[in-house]
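Residue-level listing of the chains:
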Amino acid sequence: EVQLVESGGDMVQPGGSLRLSCAASGFTFSTYDMSWVRQAPGKGPEWVSAINTGGGSTYYADSVKGRFTISRDNAKNTVYLQMNNLKPEDTAVYYCNIWETAVWGQGTQVTVSS
């Protein structure tokens, strides 16, 4: 069974940092591009970032470029999202996704508030 399990969400103050993790199982993780998508309250999903199979190519939405960093550890079947200088508009549920598939995790809540 394919599974993606996100963790690391929390409530932080503006300017703070968080590191999200997504543990993958049930498929050959190293052969799939991965992405992070977020959904804020009352809004549709927003693509955040993606990474290719080897980790050498990364892509970011303009809204997070320069603040977020995606990475992966194929030995641990895990993809990460390091989020720095968080802003209130980053508040959302963050989902891990196998790129260009309908496979998502259950999400982890990130709240940025003073």
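Our structure's up above, just so we're on the same page.
Residues numbered from 1 in each chain as written. Predicted model: local features only at pLDDT ≥ 70, side-chain atom pairs only at ≥ 80, totals over all residues. Heavy atoms only, no water.

A. Molecular detail of the side chain of serine 49. Turning to its location among the elements, serine 49 is positioned in strand 5 (residues 45-51). A polar side-chain atom of serine 49 sits 2.8 Å from the main-chain carbonyl oxygen of tyrosine 59. In contact with serine 49, other than residues within four places in its own chain, are Met34, Ser35, Trp36, Tyr59, Tyr60, Ile70 and Leu81. (Helix = DSSP H or I, 4+ residues; strand = E, 2+ residues; numbered from the N terminus. Polar contact = N/O pair within 3.5 Å; in protein donor to acceptor, adjacent residues only side chain to side chain. Contact = heavy atoms within 4.5 Å.)

B. Region of interest: the environment of glutamate 1. Among the structural elements, glutamate 1 can be located in the segment before strand 1 (3-7). On a C-alpha basis, the gap between glutamate 1 and glutamate 46 in space is 26 Å, while along the polypeptide they are 45 residues apart. Residues contacting glutamate 1, with those up to four places away along its chain left out, are Ser25 and Gly26.

C. Summary view of the pattern of salt bridges. Enumeration according to the criterion identifies 4 salt bridges in this entry. For the salt bridge of arginine 38 with glutamate 46, the shortest nitrogen-to-oxygen distance reads 2.7 Å. Look at glutamate 46 and you get partly exposed, because its relative accessible area is 31%. A salt bridge links aspartate 62 to lysine 65, with the nearest nitrogen and oxygen atoms 3.2 Å apart. (Salt bridge = Lys/Arg side-chain N within 4 Å of Asp/Glu carboxyl O. Buried < 20%, exposed > 50% of the residue type's maximum accessible area, 1.4 Å probe, protein only.)

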